Amino acid sequence: MPTITLRLELHNPTKAKQEMYERMTEWNTEFANWLLHHPELNKATSKIFKDFSSQKFPSAIVNQTIREVKSQKKKQKAKKFRTFWCCFNNQNIKVEKKGAFYTVSFPTLEKRIGVPVVTRPYQEAWLDRLIHGTAKQGAAKLYKKRKKWCLAIAVAFEVKPRHETKVMGVDVGLRYIAVASVGTKSWFFKGSQCAFVRRRYAALRRTLGQAKKLHMIRKIGDKESRWMKDMNHKISRQIVRFALANGVGVIRMEDLAGIRKRAASAKEAGRNLHSWAFHQLQTMIAYKAEMAGIRVEWVNPTYTSQTCRCGHREKANRNGIHFRCQKCGYTIHADLNGAINIAKAISGFAAQPSALVTGAPPIGVHLNPMGRGDGTLLNLGVV
Ligand SMILES: [Zn+2]
């Protein structure tokens, strides 16, 4: 079953609650480090916490910590944990909807509490699925990021395979962020606004760079990448929706290594739109497609933009956004030609597409894999 991770910010926790979460994390970290060097770690049950401290600590968290420390020790990864966030298994965390708001309840130092969470529409859809039982809730982690307390909840779900057979090609590019082609239909997603924003940020960075305001530069970088990520979410969602509406069973994209080769110049590739943004977009399309039961295939990007429908391939066929076959004279928008050729897998399939294999969620998007099914622990590691 594919698994995604919902990252939900806790809505305005009181000072007292924040201090409690802080304390819980501190104790849990100390406990985890104490456990790591305990001679009888393998036999440990939740009772072992009494040997560590006379404080009261939720056994639900203790159990999860024991399980995770055991597995970390087996892998011999950790010598000392810097931060060991509190985790809960699926039995100990509950999502509810109260009016227009969603709350999540979990055990704490005082008692079990239900706290409101900040949600985005796509997250609400997942929370509804949890509440209605059409998705399965896994383990959860209470953690702090950028001074905000959050809950990461693993969600597992079934995918109904689709029986559609149509193939859609998706070309990601510099002039158009994405061009999709299925049969005789095509769809262009303009990237000009993305390019514009990126240029503006690049200019700002140069100015700041001269003033050596490194901190500011880093802050702008964060802002820019968050903006791009939002954009990519929107585009990928629309592309998958387009695919579903057109009876697509397979989406084909270029294996990303080809992008740099295709850019007119290093400057164009690097400044206007960094290749990480393309990679992120492809990753999101792939994952959203797989969630919708659409198969994803990767195509070798060589010559997809230079080949004509008549079969003639020549570099001169393509000139910017214009494609004009030097042999038969056929003309078409170059990016659309690319998308059509990708759909036809004109230069064959890529041998080993990056990390994107069906069923394995990609890293680095909001859909981070955390655990498989319920009861599995999250990837806390040493933070
Ligand atoms: Zn031709």
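The rules we used
- Residues numbered from 1 in each chain as written.
- Predicted model: local features only at pLDDT ≥ 70, side-chain atom pairs only at ≥ 80, totals over all residues.
- Heavy atoms only, no water.
- Helix = DSSP H or I, 4+ residues; strand = E, 2+ residues; numbered from the N terminus.
- Buried < 20%, exposed > 50% of the residue type's maximum accessible area, 1.4 Å probe, protein only.
- Contact = heavy atoms within 4.5 Å.
- Areas by Shrake-Rupley, 256 points an atom, 1.4 Å probe, with all protein chains shown as cover.
- Axes fitted to C-alpha atoms, helices over the stretch in contact; angles between N-to-C directions.
- Parallel < 35°, antiparallel > 145°, perpendicular 65-115°, else oblique.
- Left-handed = near helix turned anticlockwise from the far one by under 90°.
- Nonpolar A, V, L, I, M, F, W, Y, C, P; charged D, E, K, R; others polar.
- Donors = N, O, S within 2.8 Å, 3.2 Å for Na, K, Ca; no water.
- Tetrahedral: all angles 85-135°; square planar, octahedral: opposite > 155°, others 65-115°.
- Pairing = 2+ DSSP bridges.
- pLDDT = per-residue confidence, 0-100.
- Salt bridge = Lys/Arg side-chain N within 4 Å of Asp/Glu carboxyl O.

**Student:** Can you help me understand the overall build of the protein chain in this one?
**Tutor:** When its secondary structure is counted, the protein chain shows 10 helices and 15 strands. Within the span of the protein chain, comprising 383 residues, buried residues form 50% of the whole. Considering only contacts in the protein chain between residues 6 or more positions apart, those separated by 24 or more positions represent 70%. As displayed, the protein chain has an accessible area near 19,900 Å², and 52% of this comes from carbon and sulfur atoms.

**Student:** In this structure, what is going on with the packing of helix α1 (residues 15-36) against helix α3 (residues 59-74)? I would like to understand it.
**Tutor:** Helix-helix packing is characterised by the crossing angle of the two axes and by the distance between the axes. Two numbers describe how α1 lies on α3: the axes approach to 10 Å, and their chain directions differ by 45 degrees. By the angle between their directions, the pair α1 and α3 is classed as oblique. The handedness of the crossing between α1 and α3 is right-handed. Here M24, N28, F31, A32, L35 and L36 of α1 come into contact with α3, specifically with I61, V62, T65, I66, V69 and K73. Considering only residue class, the contact of α1 with α3 consists of nine nonpolar, two polar and one charged.

**Student:** Got a minute to help me understand the coordination of the zinc ion in this structure?
**Tutor:** Ideal donor angles around a metal are set by the shape: a four-donor tetrahedron calls for 109.5 degrees, a six-donor octahedron for 90 or 180 degrees. The coordination sphere of the zinc ion contains the protein donors C308 (SG), C310 (SG), C325 (SG) and C328 (SG), at a distance range of 2.3 Å. Seen from the zinc ion, its four donor atoms lie at angles of 104 to 117 degrees, and the figure they make is tetrahedral. On the accessibility criterion, C325 (1% relative accessible area) is buried. Under the relative-accessibility criterion, C328 is labelled partly exposed at 44%.

**Student:** Would you explain the sheet that holds strand β14 (residues 322-324) in this entry?
**Tutor:** Two strands in a sheet stick together by hydrogen bonds in their backbones, pointing the same way (parallel) or opposite ways (antiparallel). The antiparallel open sheet is built from three strands, whose spatial order is β13-β14-β15. Edge strands, defined here as strands with exactly one partner in the open sheet, are β13 (318-319) and β15 (331-333). Taken together, the two bridges between β13 and β14 define a ladder with antiparallel strand orientation. From the neighbouring strand, R318 faces β14, where its bridge partner is F323. The sheet strands contacting helix α10 (residues 334-343) are β13, β14 and β15, and the helix crosses β15 at an angle near 90 degrees.

**Student:** What exactly am I supposed to notice about the pairing of strand β7 (residues 148-156) here?
**Tutor:** A regular strand carries its side chains on alternate faces of the sheet. Here β7 lies mainly inside the structure; eight of its nine residues are buried. Bridging between strand β1 (residues 3-10) and β7 involves seven bridges; their strand directions are antiparallel. In the strand pairing of β7, L8 is matched with L151. Counted along the chain from strand β6 (residues 136-145) to the antiparallel partner β7, the turn is two residues long, and its residue R146 has a positive phi close to 50 degrees.

**Student:** What is the right way to read unusual backbone geometry from this model?
**Tutor:** A negative phi angle characterises most non-glycine residues, just as the trans form characterises most peptide bonds. At R146, a position not held by glycine, the phi torsion is positive, near 50 degrees. Tracing the chain through its elements places R146 in the loop between β6 and β7. Here Y303, not a glycine, exhibits a phi torsion of approximately 70 degrees, which is positive. Its place among the elements puts Y303 in the loop between β12 (295-299) and β13. Residue Y303 is classed as partly exposed on the basis of its relative accessible area, which comes to 37%.

**Student:** Is there a simple way to explain the sheet that holds strand β8 (residues 166-172) in this structure?
**Tutor:** The mixed open sheet is built from five strands, whose spatial order is β10-β9-β8-β11-β12. Strands at the two margins of the open sheet, each flanked by one partner only, are β10 (185-190) and β12. If you compare each strand with its neighbour and ignore which way they point, the axes differ by 20 degrees on average. Both β8 and strand β9 (residues 176-182) contribute to a ladder of five bridges, which runs antiparallel. In the sheet register, G169 faces β9, and the bridge partner there is S181. α10 rests against β8, β9, β10, β11 (248-254) and β12 of the sheet, and its axis sits at about 135 degrees to β8.

**Student:** Looking at this structure, how should I read the confidence of the model for the protein chain?
**Tutor:** Regions with low pLDDT should not have their predicted coordinates read in detail. Confidence in the prediction for the protein chain averages 82 pLDDT; 81% of positions are at 70 or higher. Every residue in residues 258-273 scores below 50 in pLDDT, and together they form 33 contacts with partners more than four places removed in sequence or on other chains.

**Student:** Honestly, the pattern of salt bridges in this entry has me stumped. Any pointers?
**Tutor:** Per the stated rule, a full pass over the model turns up six salt bridges. A salt bridge links D230 to R120; the nearest nitrogen and oxygen atoms lie 3.5 Å apart. Separated by 110 residues along the polypeptide, D230 in helix α6 (residues 214-245) and R120 in the loop between β5 (112-118) and α4 (121-132) bring together distant segments of the chain. For the salt bridge of D335 with R318, the shortest nitrogen-to-oxygen distance reads 3.0 Å. In this pair, D335 sits in helix α10 while R318 sits in strand β13, placing the two residues 17 residues apart along the sequence. Beyond isolated ion pairs, a larger network of salt bridges with shared partners links R252, R295 and E297.

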